[in-house]
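# Per-entry structural report
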Amino acid sequence: MNIVVEFFVVTFKVLWAFVLAAARWLVRPKEKSVAGQVCLITGAGSGLGRLFALEFARRRALLVLWDINTQSNEETAGMVRHIYRDLEAADAAALQAGNGEEEILPHCNLQVFTYTCDVGKRENVYLTAERVRKEVGEVSVLVNNAGVVSGHHLLECPDELIERTMMVNCHAHFWTTKAFLPTMLEINHGHIVTVASSLGLFSTAGVEDYCASKFGVVGFHESLSHELKAAEKDGIKTTLVCPYLVDTGMFRGCRIRKEIEPFLPPLKPDYCVQQAMKAILTDQPMICTPRLMYIVTFMKSILPFEAVVCMYRFLGADKCMYPFIAQRKQATNNNEAKNGI
(Lines give C-alpha, C1' and ligand atoms only; values in the text may rest on other atoms or scores of the structure.)
Protein backbone atom coordinates (compact mmCIF):
# COMPACT_ATOMS: atom_id res chain seq x y z
CA MET A 1 0.00 0.00 0.00
CA ASN A 2 1.26 3.48 -0.86
CA ILE A 3 2.55 5.25 2.27
CA VAL A 4 0.33 8.29 1.64
CA VAL A 5 -2.77 6.13 1.34
CA GLU A 6 -1.73 4.17 4.42
CA PHE A 7 -1.25 7.44 6.33
CA PHE A 8 -4.83 8.50 5.58
CA VAL A 9 -6.13 5.04 6.52
CA VAL A 10 -4.31 5.18 9.84
CA THR A 11 -5.58 8.72 10.45
CA PHE A 12 -9.15 7.56 9.84
CA LYS A 13 -8.70 4.63 12.22
CA VAL A 14 -7.33 6.93 14.93
CA LEU A 15 -10.28 9.30 14.56
CA TRP A 16 -12.68 6.37 14.55
CA ALA A 17 -11.10 5.12 17.77
CA PHE A 18 -11.93 8.48 19.36
CA VAL A 19 -15.52 8.16 18.15
CA LEU A 20 -15.86 4.67 19.61
CA ALA A 21 -14.32 5.77 22.91
CA ALA A 22 -16.78 8.67 23.14
CA ALA A 23 -19.64 6.32 22.33
CA ARG A 24 -18.67 4.05 25.22
CA TRP A 25 -19.09 7.00 27.59
CA LEU A 26 -22.58 7.67 26.30
CA VAL A 27 -23.86 4.14 25.68
CA ARG A 28 -22.61 1.37 27.96
CA PRO A 29 -21.74 -1.75 25.90
CA LYS A 30 -23.48 -4.99 26.77
CA GLU A 31 -21.66 -7.01 29.42
CA LYS A 32 -20.35 -10.41 28.37
CA SER A 33 -21.13 -13.59 30.27
CA VAL A 34 -18.51 -15.39 32.36
CA ALA A 35 -20.91 -18.11 33.52
CA GLY A 36 -19.17 -21.46 33.76
CA GLN A 37 -15.74 -20.01 32.96
CA VAL A 38 -12.78 -20.64 35.26
CA CYS A 39 -11.74 -17.38 36.92
CA LEU A 40 -8.53 -17.29 38.96
CA ILE A 41 -7.98 -14.43 41.41
CA THR A 42 -4.72 -13.84 43.28
CA GLY A 43 -4.83 -12.18 46.69
CA ALA A 44 -8.41 -13.37 47.07
CA GLY A 45 -8.31 -13.63 50.86
CA SER A 46 -9.11 -9.99 51.58
CA GLY A 47 -9.59 -6.50 50.20
CA LEU A 48 -10.29 -6.08 46.51
CA GLY A 49 -9.48 -9.72 45.76
CA ARG A 50 -12.32 -10.90 47.99
CA LEU A 51 -14.74 -8.43 46.41
CA PHE A 52 -13.71 -9.52 42.91
CA ALA A 53 -14.40 -13.13 43.92
CA LEU A 54 -17.90 -12.26 45.13
CA GLU A 55 -18.70 -10.30 41.96
CA PHE A 56 -17.56 -13.12 39.67
CA ALA A 57 -19.48 -15.62 41.81
CA ARG A 58 -22.68 -13.60 41.35
CA ARG A 59 -22.09 -13.96 37.62
CA ARG A 60 -21.78 -17.74 37.94
CA ALA A 61 -18.08 -18.06 37.22
CA LEU A 62 -16.19 -21.06 38.56
CA LEU A 63 -13.75 -19.56 41.09
CA VAL A 64 -10.12 -20.44 41.80
CA LEU A 65 -8.85 -18.44 44.76
CA TRP A 66 -5.16 -17.95 45.53
CA ASP A 67 -3.82 -16.34 48.67
CA ILE A 68 -0.85 -16.74 50.99
CA ASN A 69 -3.22 -16.71 53.98
CA THR A 70 -5.10 -20.02 54.02
CA GLN A 71 -7.64 -18.98 56.65
CA SER A 72 -8.74 -15.74 55.00
CA ASN A 73 -8.85 -17.48 51.62
CA GLU A 74 -11.22 -20.10 53.02
CA GLU A 75 -13.37 -17.32 54.49
CA THR A 76 -13.72 -15.85 51.01
CA ALA A 77 -14.59 -19.28 49.65
CA GLY A 78 -17.32 -19.59 52.28
CA MET A 79 -18.84 -16.31 51.10
CA VAL A 80 -18.69 -17.52 47.50
CA ARG A 81 -20.45 -20.79 48.40
CA HIS A 82 -23.19 -18.81 50.12
CA ILE A 83 -23.76 -16.86 46.89
CA TYR A 84 -23.82 -20.12 44.92
CA ARG A 85 -26.46 -21.56 47.26
CA ASP A 86 -28.60 -18.45 46.78
CA LEU A 87 -28.25 -18.78 43.01
CA GLU A 88 -29.23 -22.44 43.17
CA ALA A 89 -32.28 -21.60 45.27
CA ALA A 90 -33.29 -18.84 42.85
CA ASP A 91 -32.89 -21.24 39.91
CA ALA A 92 -35.01 -23.86 41.62
CA ALA A 93 -37.72 -21.30 42.39
CA ALA A 94 -37.71 -20.07 38.79
CA LEU A 95 -38.07 -23.61 37.45
CA GLN A 96 -40.86 -24.38 39.87
CA ALA A 97 -42.67 -21.19 38.85
CA GLY A 98 -42.29 -22.10 35.19
CA ASN A 99 -40.00 -19.17 34.43
CA GLY A 100 -37.13 -21.25 33.17
CA GLU A 101 -36.91 -19.86 29.67
CA GLU A 102 -33.33 -18.71 30.30
CA GLU A 103 -30.60 -21.28 30.49
CA ILE A 104 -29.81 -22.15 34.09
CA LEU A 105 -26.30 -23.29 34.94
CA PRO A 106 -26.27 -26.63 36.77
CA HIS A 107 -25.22 -26.36 40.41
CA CYS A 108 -22.37 -28.83 39.87
CA ASN A 109 -20.62 -26.16 37.79
CA LEU A 110 -20.83 -23.58 40.58
CA GLN A 111 -17.70 -24.52 42.48
CA VAL A 112 -14.92 -22.68 44.27
CA PHE A 113 -11.39 -24.01 44.73
CA THR A 114 -8.83 -22.59 47.14
CA TYR A 115 -5.05 -22.80 46.95
CA THR A 116 -2.46 -21.45 49.34
CA CYS A 117 0.13 -19.82 47.11
CA ASP A 118 2.89 -17.27 47.61
CA VAL A 119 2.83 -15.50 44.25
CA GLY A 120 6.13 -13.86 45.05
CA LYS A 121 7.84 -17.24 44.63
CA ARG A 122 8.11 -18.33 41.01
CA GLU A 123 8.24 -22.09 41.60
CA ASN A 124 5.28 -21.91 43.98
CA VAL A 125 3.26 -20.20 41.25
CA TYR A 126 4.17 -22.76 38.59
CA LEU A 127 3.49 -25.75 40.87
CA THR A 128 0.14 -24.35 41.99
CA ALA A 129 -0.81 -23.50 38.42
CA GLU A 130 -0.15 -27.11 37.41
CA ARG A 131 -2.41 -28.30 40.23
CA VAL A 132 -5.16 -25.96 39.01
CA ARG A 133 -4.93 -27.34 35.47
CA LYS A 134 -5.18 -30.93 36.72
CA GLU A 135 -7.86 -30.41 39.37
CA VAL A 136 -10.01 -27.66 37.85
CA GLY A 137 -9.13 -27.09 34.20
CA GLU A 138 -7.80 -24.29 32.07
CA VAL A 139 -8.19 -20.72 33.32
CA SER A 140 -10.24 -18.35 31.15
CA VAL A 141 -10.09 -15.22 33.30
CA LEU A 142 -6.91 -14.34 35.20
CA VAL A 143 -7.18 -11.52 37.75
CA ASN A 144 -3.72 -10.55 39.00
CA ASN A 145 -4.66 -8.68 42.15
CA ALA A 146 -2.23 -9.65 44.94
CA GLY A 147 -0.22 -6.75 46.30
CA VAL A 148 1.86 -5.66 49.29
CA VAL A 149 3.37 -2.41 50.58
CA SER A 150 6.42 -2.05 52.82
CA GLY A 151 5.57 1.35 54.30
CA HIS A 152 9.13 2.63 54.75
CA HIS A 153 11.17 5.50 53.38
CA LEU A 154 13.78 4.24 50.91
CA LEU A 155 16.82 4.53 53.19
CA GLU A 156 14.93 2.93 56.10
CA CYS A 157 13.48 0.06 54.09
CA PRO A 158 15.21 -3.33 54.47
CA ASP A 159 16.39 -4.73 51.15
CA GLU A 160 14.34 -7.88 51.60
CA LEU A 161 11.13 -5.84 51.86
CA ILE A 162 11.98 -3.98 48.64
CA GLU A 163 12.57 -7.30 46.90
CA ARG A 164 9.33 -8.67 48.34
CA THR A 165 7.34 -5.70 47.01
CA MET A 166 8.78 -6.13 43.53
CA MET A 167 8.21 -9.90 43.54
CA VAL A 168 4.57 -9.79 44.63
CA ASN A 169 3.43 -6.59 42.89
CA CYS A 170 5.27 -7.02 39.61
CA HIS A 171 7.18 -10.26 39.01
CA ALA A 172 4.21 -12.42 40.01
CA HIS A 173 2.30 -11.12 36.98
CA PHE A 174 5.00 -12.61 34.74
CA TRP A 175 4.78 -16.05 36.39
CA THR A 176 0.96 -16.31 36.43
CA THR A 177 0.67 -15.07 32.86
CA LYS A 178 3.34 -17.46 31.61
CA ALA A 179 1.51 -20.28 33.39
CA PHE A 180 -1.93 -19.68 31.86
CA LEU A 181 -1.42 -17.70 28.65
CA PRO A 182 -0.29 -20.63 26.41
CA THR A 183 -3.72 -22.28 26.44
CA MET A 184 -5.42 -18.93 25.91
CA LEU A 185 -3.26 -18.47 22.81
CA GLU A 186 -4.12 -21.96 21.53
CA ILE A 187 -7.86 -21.36 21.66
CA ASN A 188 -7.70 -17.57 21.17
CA HIS A 189 -9.89 -16.97 24.20
CA GLY A 190 -9.31 -15.49 27.63
CA HIS A 191 -9.07 -12.33 29.67
CA ILE A 192 -6.10 -11.04 31.68
CA VAL A 193 -6.85 -8.42 34.31
CA THR A 194 -4.02 -6.43 35.90
CA VAL A 195 -4.93 -4.67 39.13
CA ALA A 196 -2.33 -1.92 39.33
CA SER A 197 -2.74 1.53 40.90
CA SER A 198 -2.82 5.21 40.09
CA LEU A 199 0.69 5.11 41.58
CA GLY A 200 1.66 3.11 38.52
CA LEU A 201 0.83 6.15 36.38
CA PHE A 202 2.18 8.94 38.58
CA SER A 203 4.22 8.73 41.77
CA THR A 204 4.60 10.33 45.17
CA ALA A 205 7.31 10.51 47.80
CA GLY A 206 8.07 7.86 50.39
CA VAL A 207 6.87 4.72 48.61
CA GLU A 208 9.55 4.28 45.98
CA ASP A 209 9.39 0.48 45.98
CA TYR A 210 5.60 0.40 45.66
CA CYS A 211 5.56 2.98 42.85
CA ALA A 212 8.36 1.16 41.01
CA SER A 213 6.48 -2.15 41.24
CA LYS A 214 3.25 -0.61 39.95
CA PHE A 215 5.00 1.31 37.15
CA GLY A 216 6.64 -1.98 36.22
CA VAL A 217 3.41 -3.94 36.09
CA VAL A 218 1.69 -1.20 34.04
CA GLY A 219 4.54 -1.48 31.53
CA PHE A 220 4.26 -5.26 31.54
CA HIS A 221 0.51 -5.11 30.93
CA GLU A 222 0.77 -2.59 28.10
CA SER A 223 3.55 -4.55 26.37
CA LEU A 224 1.58 -7.79 26.72
CA SER A 225 -1.49 -6.11 25.23
CA HIS A 226 0.54 -4.93 22.23
CA GLU A 227 2.03 -8.41 21.81
CA LEU A 228 -1.44 -9.98 21.69
CA LYS A 229 -2.54 -7.40 19.12
CA ALA A 230 0.58 -8.01 17.02
CA ALA A 231 -0.15 -11.75 17.12
CA GLU A 232 -3.77 -11.00 16.06
CA LYS A 233 -5.15 -12.82 19.10
CA ASP A 234 -8.22 -10.65 19.36
CA GLY A 235 -10.05 -13.28 21.39
CA ILE A 236 -7.78 -12.60 24.37
CA LYS A 237 -8.79 -9.42 26.15
CA THR A 238 -6.79 -7.36 28.63
CA THR A 239 -7.94 -4.84 31.22
CA LEU A 240 -5.69 -2.57 33.28
CA VAL A 241 -7.24 -1.39 36.56
CA CYS A 242 -5.71 1.77 38.06
CA PRO A 243 -7.69 2.98 41.07
CA TYR A 244 -6.93 5.96 43.26
CA LEU A 245 -6.39 5.32 46.98
CA VAL A 246 -8.82 2.58 48.06
CA ASP A 247 -10.10 2.47 51.64
CA THR A 248 -8.99 -1.09 52.39
CA GLY A 249 -6.58 -0.18 55.20
CA MET A 250 -3.54 -0.86 53.05
CA PHE A 251 -2.58 2.82 53.12
CA ARG A 252 -4.29 3.79 56.37
CA GLY A 253 -3.23 7.29 57.42
CA CYS A 254 -2.49 8.60 53.92
CA ARG A 255 -3.72 12.19 53.72
CA ILE A 256 -3.84 14.87 51.06
CA ARG A 257 -4.60 18.55 51.75
CA LYS A 258 -7.61 18.76 54.08
CA GLU A 259 -9.39 21.32 51.88
CA ILE A 260 -9.09 18.96 48.91
CA GLU A 261 -10.02 15.71 50.70
CA PRO A 262 -13.82 16.20 50.43
CA PHE A 263 -13.45 16.38 46.64
CA LEU A 264 -11.07 13.42 46.38
CA PRO A 265 -11.79 11.01 49.25
CA PRO A 266 -10.48 7.44 49.35
CA LEU A 267 -12.52 5.11 47.17
CA LYS A 268 -14.95 2.69 48.73
CA PRO A 269 -13.74 -0.85 47.88
CA ASP A 270 -17.18 -1.93 46.65
CA TYR A 271 -17.39 1.02 44.26
CA CYS A 272 -13.85 0.41 42.97
CA VAL A 273 -14.55 -3.25 42.19
CA GLN A 274 -17.95 -2.53 40.64
CA GLN A 275 -16.37 -0.02 38.25
CA ALA A 276 -13.58 -2.50 37.45
CA MET A 277 -16.13 -5.27 36.78
CA LYS A 278 -17.98 -3.06 34.30
CA ALA A 279 -14.71 -2.48 32.47
CA ILE A 280 -13.77 -6.18 32.49
CA LEU A 281 -17.17 -7.42 31.31
CA THR A 282 -17.28 -4.89 28.46
CA ASP A 283 -13.66 -5.63 27.40
CA GLN A 284 -12.51 -2.11 28.26
CA PRO A 285 -8.70 -1.97 27.94
CA MET A 286 -8.17 0.37 30.91
CA ILE A 287 -10.12 1.82 33.81
CA CYS A 288 -8.98 4.68 36.06
CA THR A 289 -11.14 5.38 39.11
CA PRO A 290 -12.25 8.09 39.62
CA ARG A 291 -12.17 9.57 36.13
CA LEU A 292 -10.21 12.54 37.47
CA MET A 293 -7.17 10.24 37.39
CA TYR A 294 -7.20 10.39 33.57
CA ILE A 295 -6.77 14.16 33.77
CA VAL A 296 -4.01 13.94 36.38
CA THR A 297 -2.14 11.40 34.24
CA PHE A 298 -2.50 13.57 31.14
CA MET A 299 -1.28 16.68 32.96
CA LYS A 300 1.70 14.80 34.36
CA SER A 301 2.61 13.77 30.82
CA ILE A 302 2.59 17.28 29.33
CA LEU A 303 3.62 19.58 32.20
CA PRO A 304 7.24 20.39 33.06
CA PHE A 305 8.46 18.53 36.14
CA GLU A 306 8.62 21.68 38.29
CA ALA A 307 5.01 22.41 37.35
CA VAL A 308 4.05 18.91 38.49
CA VAL A 309 5.87 19.54 41.78
CA CYS A 310 3.89 22.75 42.29
CA MET A 311 0.64 20.93 41.57
CA TYR A 312 1.56 18.12 44.00
CA ARG A 313 2.37 20.62 46.74
CA PHE A 314 -0.91 22.47 46.22
CA LEU A 315 -2.87 19.22 46.51
CA GLY A 316 -0.79 17.96 49.41
CA ALA A 317 0.10 14.92 47.33
CA ASP A 318 3.86 15.40 47.62
CA LYS A 319 3.99 14.10 51.22
CA CYS A 320 0.62 12.36 51.40
CA MET A 321 2.25 9.04 52.36
CA TYR A 322 4.26 10.44 55.28
CA PRO A 323 1.47 10.02 57.90
CA PHE A 324 0.93 6.45 56.65
CA ILE A 325 4.65 5.67 56.96
CA ALA A 326 4.76 7.21 60.44
CA GLN A 327 1.84 5.03 61.55
CA ARG A 328 3.50 1.91 60.15
CA LYS A 329 6.75 2.78 61.92
CA GLN A 330 4.97 3.35 65.22
CA ALA A 331 3.04 0.08 64.87
CA THR A 332 6.28 -1.78 64.13
CA ASN A 333 7.99 -0.26 67.17
CA ASN A 334 5.02 -1.13 69.39
CA ASN A 335 5.08 -4.74 68.21
CA GLU A 336 8.81 -4.95 68.85
CA ALA A 337 8.33 -3.56 72.35
CA LYS A 338 5.53 -6.05 73.11
CA ASN A 339 7.66 -8.93 71.89
CA GLY A 340 10.67 -7.74 73.84
CA ILE A 341 12.77 -7.26 70.73
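Described below are features of the structure shown in this document. (Residues numbered from 1 in each chain as written. Predicted model: local features only at pLDDT ≥ 70, side-chain atom pairs only at ≥ 80, totals over all residues. Heavy atoms only, no water.)

## What to know about the state of the cysteines
The test is simple: Pairs of cysteine sulfur atoms within 2.5 Å are identified as disulfides in what follows. Think of it in three bands: residues with accessible area under 20% of the maximum for their type are buried, residues over 50% are exposed, and the middle band is partly exposed, with areas taken using a 1.4 Å probe on protein chains only.
Under the definition given, this model contains zero disulfides. Cysteine 117 carries a free sulfur, and the closest cysteine sulfur to it, the one in cysteine 39, is 15 Å from it. Given a relative accessible area of 3%, cysteine 117 falls into the buried group.

## Thoughts on the sheet that holds strand S1 (residues 38–42)
Counted only if it meets this: By the convention used here, strands pair only if DSSP detects at least 2 bridges between them. A run of H or I in DSSP becomes a helix once it reaches four residues, and a run of E becomes a strand once it reaches two; helices and strands are each numbered from the N terminus. Fitting a line to C-alpha atoms yields each axis, with helices limited to the stretch in contact; the angle taken between N-to-C directions then spans 0 to 180 degrees. Contacts: residue pairs with any heavy atoms within 4.5 Å of one another.
Spatial strand order, S3-S2-S1-S4-S5-S6-S7: seven strands in an open sheet with parallel pairing. Across the chains shown, the open sheet's two edge strands, defined by having one partner strand only, are strand S3 (112–116) and strand S7 (286–289). The average angle at which neighbouring strand axes cross in this sheet is 15°, direction not considered. Both strand S5 (residues 190–195) and strand S6 (residues 236–243) contribute to a ladder of six bridges, which runs parallel. What sits directly across from histidine 191, in S6, is lysine 237. Those strands touched by helix H7 (residues 269–281) are S5, S6 and S7, and its axis lies near 160° from that of S7.

## As for the pattern of salt bridges
Note the following rule: Definition used for salt bridges: Asp or Glu carboxyl oxygen within 4 Å of a side-chain nitrogen of Lys or Arg.
Within this structure, the stated rule accounts for 11 salt bridges. The closest approach of N and O atoms between glutamate 55 and arginine 59, which form a salt bridge, is 2.8 Å. We classify arginine 59 as partly exposed; its relative accessible area is 27%. A salt bridge links glutamate 261 to arginine 255; the nearest nitrogen and oxygen atoms lie 2.4 Å apart. Take arginine 255: its relative accessible area is 45%, and that puts it in the partly exposed class. When salt bridges with common partners are traced through the structure, they connect Glu55, Arg58 and Arg59 into a single cluster.

## As for the nonpolar core
Note the threshold: Remark: nonpolar core denotes a set of buried residues (Ala, Val, Leu, Ile, Met, Phe, Trp, Tyr, Cys) joined through side-chain atoms within 4.5 Å.
Among the nonpolar cores identified, the biggest contains 66 residues, and Ile41, Phe52, Phe56, Leu63, Val143 and Met321 are the most heavily contacted of them. In this view, phenylalanine 52 contacts Ile41, Val143, Asn145, Val195, Val273, Ala276, Met277 and Ile280; residues no more than four positions away in its chain are not counted. Membership of the second largest hydrophobic core comes to 26 residues, among which are Val139, Ala146, Ile192 and Phe220.

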